[in-house]
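Given next are the chains, with one letter for each unit.
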Amino acid sequence: MDAEALKQVSTIREFFKIDEEKELSEGTRLLLEAMTELVIPKGRDIVTCGAGSEDGMYIILSGKADVFSSDGTRINRLGAGDFVGELGLINDDNRAATVRASSDVRCANISKRLFEDIASRNRKIYGSFMNMLYTKTTKLVTEQERIKSELSIATKIQADCLENDFTAFNRLTAVNLTAHMKPAKEVGGDFYDVFMIDQDHLCFLIADVSGKGVPAALFMTMAKTHIKNFATVGLPLAEVAVRANNQLCYKNESGMFVTAFICVLDVRSGEVQFVNAGHNCPFVQKQDGAFEMFRTKANLVFGLMEDVPYREQTLTLNPGDSIYLYTDGVTEALNPEQELFGDDRLYEILNRHRAQAGEPETFVQAIYREVQAFADGEPQADDITMLYVTRKESER
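Heads up: these notes are all about the structure in this document. (Residues numbered from 1 in each chain as written. Predicted model: local features only at pLDDT ≥ 70, side-chain atom pairs only at ≥ 80, totals over all residues. Heavy atoms only, no water.)

**With respect to the overall build of the protein**
For the protein, the helix and strand inventory stands at 11 helices and 18 strands. Residues classed as buried in the protein amount to 48% of the 396 residues present. Partitioning the contacts of the protein with sequence separation of at least 6, the portion at a separation of at least 24 is 71%. Carbon and sulfur atoms make up 50% of the accessible area of the protein, which amounts to about 19,500 Å² in all. (Helix = DSSP H or I, 4+ residues; strand = E, 2+ residues; numbered from the N terminus. Buried < 20%, exposed > 50% of the residue type's maximum accessible area, 1.4 Å probe, protein only. Contact = heavy atoms within 4.5 Å. Areas by Shrake-Rupley, 256 points an atom, 1.4 Å probe, with all protein chains shown as cover.)

**Side note on the nonpolar core**
Counting 55 residues, the largest nonpolar core has Phe 191, Leu 202, Phe 204, Val 258, Phe 302 and Leu 387 as its most contacted members. Those residues in contact with Leu 202 that sit more than four places away from it in its chain are Phe 169, Val 175, Leu 177, Val 194, Phe 195, Met 196, Cys 263, Val 264, Leu 265 and Val 267. Residues Cys 281, Leu 346, Val 364 and Tyr 368 belong to the second largest nonpolar core, which totals 22 residues. (Core = buried A, V, L, I, M, F, W, Y, C linked by side-chain atoms within 4.5 Å.)

**What about the sheet that holds strand β10 (residues 190-198)?**
Read across the sheet, five strands follow the order β10-β11-β12-β13-β16 without closing on themselves; strand pairing throughout is antiparallel. Two strands in the sheet have a free side with no partner beyond their single neighbour: β10 and β16 (313-316). The average undirected angle you get between the axes of adjacent strands in this sheet is 20°. Sheet strands touched by helix α7 (residues 213-231): β10, β11 (201-209) and β12 (258-266). Its angle to β10, the strand with the most contacts, is close to 15°. Here helix α8 (residues 237-249) sits on the sheet in contact with β12 and β13 (271-277), set at roughly 25° to β13. (Pairing = 2+ DSSP bridges. Axes fitted to C-alpha atoms, helices over the stretch in contact; angles between N-to-C directions.)

**Some thoughts on a nonpolar patch on the surface**
On the surface, Leu 300, Leu 304 and Met 305 cluster together into a nonpolar patch covering about 280 Å² of accessible area. Structurally, Leu 300 can be placed in the loop between β15 (291-293) and β16. The class for Leu 300 is partly exposed, based on a relative accessible area of 33%. (Patch = residues over 30% accessible without salt bridge, like charges linked within 9 Å, V, L, I, M, F, W, Y side chains within 5 Å. Salt bridge = Lys/Arg side-chain N within 4 Å of Asp/Glu carboxyl O.)

**Structural notes on the pattern of salt bridges**
A pair can form between side chains of opposite charge whenever their charged atoms are brought close. Counted by the stated rule, this structure contains 13 salt bridges. The residue Asp 66 makes a salt bridge to Arg 77 at a minimum N-O spacing of 2.8 Å. Taken together, the residues span a long stretch of sequence, with Asp 66 in strand β4 (residues 65-68) and Arg 77 in strand β5 (residues 74-78) at a distance of 11 residues. With a relative accessible area of 9%, Asp 66 lands in the buried category. Owing to a relative accessible area of 44%, Arg 77 belongs among the partly exposed residues under this scheme.

**Quick look at the packing of aromatic side chains**
Following the criterion strictly, the structure yields 10 aromatic pairs and no others. Aromatic pair Phe 274 and Phe 294: ring centres 6.1 Å apart, planes at 80°, arrangement edge-to-face. Of this pair, Phe 274 sits in strand β13 while Phe 294 sits in the loop between β15 and β16, and the two are 20 residues apart along the sequence. By relative accessible area, Phe 274 is classed as buried at 1%. (Phe/Tyr/Trp six-rings, centres within 6.5 Å; stacked < 30°, edge-to-face > 60°.)

Printed below as a string of structure tokens:
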């Protein structure tokens, strides 16, 4: 190909450290001139995961291509100026991903054999290529470190948004409580909240935003803020749900939604008013009895449709009673055999640790360890969140 024409591609200039005002180095010129122009039709693989790398490296000159991981998940989109398969020129590894043309793609290509033949006759080519790889790798590492740092800050901000000191609540004569949240990524979409509406009413809730990562975390912050803002002004719980939902529907072009289970406990009587916006049913233990799933009527999740009515329901927590709220990251945890943790196993484990039910932190940590043990090293696919409230026995 025409080296001067390829020189006009900005990423090629950056990749090979080409100065527009200077002549191409001999090694770079030879490498660019050895490339062949190809057109890859829409829908055809440029490189295929698991295939050999004999076809070498491609530089996309026009068109678009999608990158797919080994399990078929789309992980990136490439366009003009992007490089494909450059490591295939210097190692014998099979392709680690599939790159498929999503439109007709015009690209420059050099095979591994041709590269090695030219490099064996002119070591400057090999030197130019290795220098290029070093520059690209250094840039990627720097960018990855920046992203890692920003995600670390986001993780800290999200953790600070969630209540993690329950001392003040546990000083109440009526209740003991705790909560635990472990995101699947650096930041997550699950959340919980605990706050006093007035001296006699404690609000506690758990929620799960669709998706994971940064988008879910941003939507989570909005949802948490709206629910608390409307609840703390003393509105009826059903009205809190209606208003929070309407706010989350407003300009929600991404179509994200959140399931939520919101409770308000009267600490004097033990009556719990609650709204279930499409969330998992909780487990309730009555005094010294077994934990049982408490079946509730579920309303629509928040964020999908405005002006939806929400039904306020009630249950009573007598002294010694407990309620366990959780997200589907618990019941949908997977083990290496791809089996789900499931409702039945959660029921069995809650009751296995029933002797610890009066000590919220000990109890919740025990349940979380059981989920971890079941997963047996299988990567966590979803955020795992639990919230547990028990009324103190001393109130009898």
